[in-house]
Amino acid sequence: MAALYGKEFDVFPAVSLTSAANLEGMKCSGAFYPEAHLDGAKMAALAAVGHSHMNFDTVAPYFSILLEASALGSEIDWGDGVRFPFVRRTAFRKIEDISICPNYMEKTELQQLLRAIRILKRRCGNQVAVVGKVMGPWTLAYHLYGVENLVLDTILEPKKTKELIWDLSQVTKEFAAAQFEAGADIVTWAEHVTRDLVSASIYEEFVLEVHKKVLQEVKAWGPVVLHVCGNVEDRISMFERAGFPCIHLDSRNDIINCRRMSHDQVVIAGGINNPVVLMRGQKSQMERAVLEKIRAGVRMAGPECALQPIIPIKNLKYLADFIHRQRYEKITKFPDSDAALHKAQAF
Ligand SMILES: [Zn+2]
C-alpha cells in the first residue's frame with residue numbers, strides 16, 4: 001500500500017491487479033471455470049491461490065470483465081478453463097434502447113463478487129491486499145451494445161454517446177463503492193481506452209471528464225488503479241489529469257516515457273509481459289524484465305494483464321519471489337527512454 005501511495009517501502013511488492021487465475025490454480029483450489037466466474041466461494045478459493053501458491057501480495061477474485069454486462073442484460077458465454085468469457089449477445093442494439101435496470105446492484109453476478117471479497121478479507125486480508133475490479137463506463141458501453149456501435153456513435157450521435165457514458169458511470173461508481181465497503185483494499189478500474197481502439201482525442205472528449213468526476217467520489221472509499229491494455233503513452237497525461245493515482249500498464253509501454261508524460265505523478269504498476277516472458281518462464285528473461293521495469297520506475301511489478309490460463313504456477317512464483325528480492329531505491333534518474341536505459345546498462 002505504501003508503494004501504491006507513492007511512499008517509500010522496503011520489499012518490492014509483487015502484484016497481480018487484474019487476474020492471476022490459471023489452470024493449475026483451478027486444480028489446487030478445486031474452483032474451476034466457468035463456475036468460478038459466478039460463485040463467490042469459488043471465486044475466493046481460486047483468487048487465494050495468487051497468494052498461497054504464487055506469492056503475490058494481492059488476491060483478485062474478479063477473473064472476467066463481464067459481471068456488470070451480464071447483470072445489465074448482455075448474454076455471456078462464460079467459457080471454460082482455457083477460453084475467456086465473451087459477450088454472446090449484447091443487451092441492446094441501438095443507443096436509444098439502452099436502459100440501466102434500477103436493481104442491478106442486487107443481481108447475483110455483482111453480489112457474488114462482493115461475497116468473494118468479504119471471504120478473502122477474512123481469510124487473508126491481514127497479509128495481502130484484496131483487489132476488486134470494476135469496468136469503466138466506456139468499456140461497459142462496449143459490452144452492452146458493441147464496440148462498432150459505440151465507436152460509430154461518437155461520430156453519428158456524439159451528444160447521446162456522452163450522455164450514455166455519464167449514465168453508465170453510475171454503475172462503475174456504485175460497484176466500486178460496494179467493493180470497498182465489502183473489504184477491498186484496492187479497486188482496479190479496467191477501461192479499454194487503448195490506442196488500438198480509440199484515439200486520445202475521443203478519450204478526452206467523451207471519457208476524461210466522466211472519469212474525473214467519478215474518481216473524485218470513489219477516492220473517498222479507497223485507492224483506484226486504472227488498467228488499460230496496449231500502448232497508452234499518447235494519453236497517459238490525460239489519465240493523470242483525470243486523477244488516477246496508479247496505472248497498471250502492459251509491456252508495450254515505454255515506462256520512462258509514461259513517467260515523463262504523466263509528470264511522474266502516477267504510480268506505475270504491472271509491466272511484465274505475459275504471453276512470452278511469463279509463458280516461457282526462462283529465469284534469466286524474467287529477471288531481466290523485472291530489473292528493467294523496476295529501474296525504469298515501475299513501483300508495483302507483476303503481470304501486465306489477466307494471465308493466459310496455461311501459464312504455470314512455478315513461473316509466477318519465481319517472478320514474485322524475484323520481485324520480492326529487490327529493494328527500494330529512490331528513483332532520481334530520468335533517462336530518455338527504456339531503450340536508452342537498456343543501452344546504458346549494457347555498457
Ligand atoms: Zn488488460
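You'll find the structure just up there.
From a predicted model like this one, the values you see are computed outputs, not experimental measurements.

Enquirer: Describe in detail the overall build of the chain, supporting the description with residues and values.
Expert: The helix and strand tally for the chain stands at 14 helices and 9 strands. Relative to the globule expectation of 20 Å for 347 residues, the C-alpha radius of gyration of the chain, 19 Å, shows essentially globular dimensions. Based on the C-alpha atoms only, the size of the chain along its principal axes is roughly 60 × 45 × 35 Å. Buried residues in the chain amount to 50% of all 347 residues. Within the chain, residue pairs in contact and separated by at least 24 positions form 75% of the contacts whose partners lie at least 6 positions apart.

Enquirer: Hey, could you go over the packing of helix H2 (residues 40-52) against helix H4 (residues 108-124) for me, with residue numbers and the actual values?
Expert: Taken N-terminus to C-terminus, the directions of H2 and H4 make an angle of 45°; their axes are 8 Å apart at the nearest point. When the interaxial angle is binned, H2 and H4 end up oblique. For the pair H2 and H4, the crossing hand works out as right-handed. Here Gly40, Ala41, Met43, Ala44, Ala47, Ala48 and His51 of H2 come into contact with H4, specifically with Gln112, Leu113, Arg115, Ala116, Ile119, Leu120, Arg123 and Cys124.

Enquirer: So what about the sheet that holds strand E1 (residues 58-59)? Which residues, and what values?
Expert: Spatially, E1-E4-E5-E6-E7-E8-E9 is the arrangement adopted by the 7 strands of the open sheet, whose pairing is parallel. Looking along the sheet, the strands with just one partner apiece sit at the ends: E1 and strand E9 (300-303). Sheet topology places E1 next to strand E4 (residues 129-135); 2 bridges connect them, and they run parallel. Among the inter-strand pairings, Val59 is bridged to a residue of E4, identified as Val130. Where helix H7 (residues 158-182) meets the sheet, it contacts E4, strand E5 (186-190) and strand E6 (224-227), and its direction lies at approximately 165° from that of E4.

Enquirer: Could you give an account of the environment of Val151, naming the residues involved and the relevant values?
Expert: Looking at the secondary structure, you find Val151 in helix H6 (residues 147-156). With 51 residues separating them in the primary sequence, Val151 and Ile202 have C-alpha atoms 9.2 Å apart.

Enquirer: Account for the environment of Ala269, with residues named and values stated.
Expert: Tracing the chain through its elements places Ala269 in strand E8 (residues 267-272). Note: C-alpha distance between Ala269 and Gly297 (28 residues apart in sequence) is 9.1 Å. When residues no more than four places from it in sequence are discounted, the contact partners of Ala269 are Val15, Leu17, Val225, Cys246, Ile247, His248, Val298, Arg299, Met300 and Gly302.

Enquirer: Report on unusual backbone geometry, specifying residues and quantitative values.
Expert: Glycine aside, negative phi is the norm for most residues, and most peptide bonds take the trans geometry. With an omega dihedral of 0°, the bond running from Tyr33 to Pro34 counts as a cis peptide bond. Tracing the backbone through its elements, the reader meets Pro34 in the loop between helix H1 (23-29) and H2. Notably, His263 is not glycine yet its phi reads approximately 55°, a positive angle. Tracing the backbone through its elements, the reader meets His263 in the loop between helix H10 (255-261) and E8. You will see that Asp264, though not glycine, has its phi angle at about 55°, which is positive. In this structure, Asp264 sits in the loop between H10 and E8.

About the thresholds
Residues numbered from 1 in each chain as written. Predicted model: local features only at pLDDT ≥ 70, side-chain atom pairs only at ≥ 80, totals over all residues. Helix = DSSP H or I, 4+ residues; strand = E, 2+ residues; numbered from the N terminus. Rg over C-alpha atoms; globule rule 2.2 N^0.38 Å. Buried ≥ 20, exposed ≤ 12 C-beta atoms within 10 Å, placed from the backbone. Contact = placed C-beta atoms within 7 Å. Axes fitted to C-alpha atoms, helices over the stretch in contact; angles between N-to-C directions. Parallel < 35°, antiparallel > 145°, perpendicular 65-115°, else oblique. Left-handed = near helix turned anticlockwise from the far one by under 90°. Pairing = 2+ DSSP bridges.

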